[in-house]
Amino acid sequence: MTKQPLRITLIDDDEDCFVIVRDLLADAQGIRTKLTWHDSYEKGLAAIGMNHTDVFLLDYRLGANTGLDLLREARARKIVTPFILLTGQGDQETAVEAMKFGATDYLVKGQIDVPLIERSLRHAVETARNRTLVGHFVDIMESTNDLVSSCDTHGLITYLNRAGRRMLGIGEDEDLSAVPVKQFHPPASAELIASIALPAADRDGHWNGETELLARDGRRIPALQTIIAHKVANGQIEYFSTTCRDITERKRAEESNARLAAIVESSDDAIIGERLDGIITSWNKGAEKIFGFSAEEMMGTSIMRLIPADRTDDENQIVEKIKRCETVGHFETLRQTKDGRLVDVSVTASPIKDATGKIIGASKILRDITGRRKLEAQFIESQKMEAVGQLAGGVAHDFNNILSVILGYGDLITADLEPDSPLREHAEEIRIAAERAAALTRQLLIFSRKQKVQSFVLDLNGTVKDLDKMLRRLIGENIEITVVPGKEVGRIKADSGYIGQMLMNLAVNARDAMPNGGKLTIATNNVTLDENYALTHIG
């Protein structure tokens, strides 16, 4: 009991009853009381609205009115103070009716002693305290956004709060007393609860897990559910209570994060998270592919492992921009792989902020642009080759005009010489040399795309042999060229100039693929390009 005296108000029109009650309370040893007496219905009605009392002792007979009338009025006004009804002999039925209206106890006049009144007062105070607690709990359950419910051991709903009714689409006044809980779960969740959750709650007292709720309109609501088994003294389950939190938004966020993580992991680009001090916090598969380090090797280590000694200033500039909440877009630089190779990369970086908006790190995307750089170099080389071709075409055209004059005058000299003249042989050599020079200029014209295609039946071995010296000069001394002519190679109909250009292109590509030197083999042979050949010569 409280240290303050228990405030008791007696409403009875009989002064003798007041004296008896006063004396009984005075003799009570285990309880301190302060008694107030009102001798009429009207005074009592005024007293119940003043909230100055801990317990009301209420006589049944109050003149023209009764104690039941006063009790009904108190409950209509939502007075929660406990009432103990005082009745005469033979009024037990009236007392039972009063209990139905909310009286906590009744005492029969003439049979009241000190222990009885003390016990009744204690019971009234304890009942009022429990009612207050229950009221608080109900207020809490009705104000939460989570579903709160209870059910009996047969699975029938005994309570469902407002949030649960809104969540499941159930009217606030709809009676659910005969509705089974499993009606609001999809079959899989209902089976999970029946076979796993309820036995676990019986065994351990409670169960937590993810389930699904089924709303009246057919919506499935992912929920985080807790089930508690409430037991009586002998260990038997009296009822189950449950709370369900709608985790739809959390699930959506998890799915979104999972999709984002899958995108990050499947990217061919290196996507790296790091703190402002350079310590790596995330490392995707693309980073592993480009740099050769696994996530286990890089997590918690410094980003400086990837940066060549002469590129540290680049990283410092990126960090300074991040600290100023600036982004870095497509900054091209070099990074170092696990095996020491240098890789051309394009770096994009943006700041990472915490919940308060403070910059705590950087997110970087590094794209390997080595292939692009090679293509750029090849494009520049092709432009150079085109320029050389244009120059060669111009020179060849002019030189061809000179050779035409040499051939013409050579033919005139040969025509004026006698058949047995010793000069005829020299004139013939001049003509042969000029024709060879003309063939060479024709190849240059084809190379520069200024010569029309002229197809003839050719000996492929001979054409390759004629190009041997030119190819050696083109390739360089650090690459060994071996020509393997095939035996009985069939003749082809083609333009020898274009055959030469094709071989030169292949040779230049081979040279670029062997920057440190190597061996280039050019072979001719008769082949049949059928399905079997294609299967055994992939690529």
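Refer to the preceding data block for the structure.
Below is a summary of the structure that appears in this document. (Residues numbered from 1 in each chain as written. Predicted model: local features only at pLDDT ≥ 70, side-chain atom pairs only at ≥ 80, totals over all residues. Heavy atoms only, no water.)

1. Description of the overall build of the chain
Scanning the chain from N- to C-terminus turns up 16 helices and 21 strands. Its C-alpha atoms give the chain a radius of gyration of 52 Å, more than 25% over the compact-globule value 24 Å for 539 residues. Projecting the C-alpha coordinates of the chain onto the three principal axes gives extents of approximately 175 × 55 × 40 Å. Residues counted as buried form 36% of the 539 residues belonging to the chain. By sequence separation, contacts in the chain at least 24 residues apart represent 55% of the contacts at least 6 residues apart. Accessible surface, the chain as shown: approximately 32,700 Å² in total, 54% of it carbon and sulfur. Put simply, the chain has 66 plus and 80 minus side-chain charges, and the middle of one group is 3 Å from the middle of the other. (Helix = DSSP H or I, 4+ residues; strand = E, 2+ residues; numbered from the N terminus. Rg over C-alpha atoms; globule rule 2.2 N^0.38 Å. Buried < 20%, exposed > 50% of the residue type's maximum accessible area, 1.4 Å probe, protein only. Contact = heavy atoms within 4.5 Å. Areas by Shrake-Rupley, 256 points an atom, 1.4 Å probe, with all protein chains shown as cover. Lys, Arg positive; Asp, Glu negative; His and termini not counted. Charge placed at Lys NZ, Arg CZ, Asp CG, Glu CD.)

2. A short note on the packing of aromatic side chains
This model, assessed by the stated rule, comprises three aromatic pairs. A ring pair is formed by F18 and W37, whose centres lie 4.7 Å apart and whose planes are at 10°; its orientation type is stacked. Placement of F18 in helix α1 (residues 15-27) and of W37 in strand β2 (residues 33-38) is noted, with a sequence separation of 19 residues between them. A centroid spacing of 4.8 Å and a plane angle of 15° characterise the contact between F56 and F83, whose relative ring orientation is stacked. Taken together, the residues span a long stretch of sequence, with F56 in strand β3 (residues 55-59) and F83 in strand β6 (residues 83-87) at a distance of 27 residues. In terms of burial, F56 and F83 fall into one category: buried. (Phe/Tyr/Trp six-rings, centres within 6.5 Å; stacked < 30°, edge-to-face > 60°.)

3. Let's talk about the sheet that holds strand β1 (residues 6-11)
The strand order across the open sheet formed by five strands is β2-β1-β3-β6-β7, and the pairing between neighbours is parallel. The open sheet has two free edges, formed respectively by β2 and β7 (105-108), since each of these has just one partner strand. If you compare each strand with its neighbour and ignore which way they point, the axes differ by 20° on average. Bridge count for β6 against β7 is four bridges, and the pairing is parallel. Of the residues in β7, the one forming a bridge with L86 is L107. Running over the sheet, α1 touches β1, β2, β3 and β6 and is turned about 175° from β2. (Pairing = 2+ DSSP bridges. Axes fitted to C-alpha atoms, helices over the stretch in contact; angles between N-to-C directions.)

4. Remarks on the packing of helix α2 (residues 41-48) against helix α3 (residues 67-76)
Interaxial distance between α2 and α3 falls to 10 Å at its minimum, and their mutual angle equals 20°. Judged on the interaxial angle alone, α3 and α2 are roughly parallel. Crossing angle aside, the handedness with which α2 passes α3 is right-handed. Mapping the contact onto sequence places Y41, G44, L45 and I48 in α2 and D69, L70, E73 and A74 in α3. Classifying every residue of the contact of α2 with α3 gives five nonpolar, one polar and two charged. (Parallel < 35°, antiparallel > 145°, perpendicular 65-115°, else oblique. Left-handed = near helix turned anticlockwise from the far one by under 90°. Nonpolar A, V, L, I, M, F, W, Y, C, P; charged D, E, K, R; others polar.)

5. Regarding the nonpolar core
Membership of the largest hydrophobic core comes to 22 residues, with the highest contact counts inside it found for A270, I272, W283, F291, L306 and L366. Listing elements by their share of this core, those giving two or more residues are β13 (270-275), β14 (280-283), α9 (285-291), α11 (312-323), β16 (342-353) and β17 (359-368). Ranked by the residues each element gives to this core, the list is headed by β16, at four residues. For W283, the contacting residues outside a window of four places in its chain are E265, I271, I272, E288, F291, F293, S294, A295, M298, M299 and L306. (Core = buried A, V, L, I, M, F, W, Y, C linked by side-chain atoms within 4.5 Å.)

6. Looking at a negative patch on the surface
Side chains of D13, D14, E15 and D16 sit close together on the surface and give a patch of like negative charge. Turning to its location among the elements, E15 is positioned in helix α1. (Patch = residues over 30% accessible without salt bridge, like charges linked within 9 Å, V, L, I, M, F, W, Y side chains within 5 Å. Salt bridge = Lys/Arg side-chain N within 4 Å of Asp/Glu carboxyl O.)

7. Re the sheet that holds β16
Pairing is antiparallel across the open sheet formed by five strands, whose spatial order is β14-β13-β17-β16-β15. Unpaired on one side and paired on the other, β14 and β15 (328-336) mark the two borders of the sheet. Geometrically, the sheet is characterised by an average inter-axis angle of 30° between neighbouring strands, direction not taken into account. Pairing of β13 with β14, which is carried by three bridges, proceeds in the antiparallel orientation. Residue G273 lies in a different strand from β14, and its bridge partner there is S282.

8. Looking at the side chain of E274
Along the polypeptide, E274 turns up in strand β13. Among the polar contacts made by the side chain of E274, one reaches the side chain of K364 at a distance of 3.0 Å. Ignoring any residue separated from it by four or fewer positions in sequence, one finds E274 in contact with I279, I280, T281, I303, E315, G361, A362 and K364. (Polar contact = N/O pair within 3.5 Å; in protein donor to acceptor, adjacent residues only side chain to side chain.)

9. Some points on the side chain of D59
Inspection of the secondary structure assignment puts D59 in strand β3. The buried category is assigned to D59, whose relative accessible area is 6%. Engagement of the side chain of D59 in a polar contact is seen with the side chain of K109, the distance being 3.1 Å. Apart from the residues lying within four places of it in its own chain, the contact partners of D59 are I11, D12, D13, G67, L85, L86 and K109.

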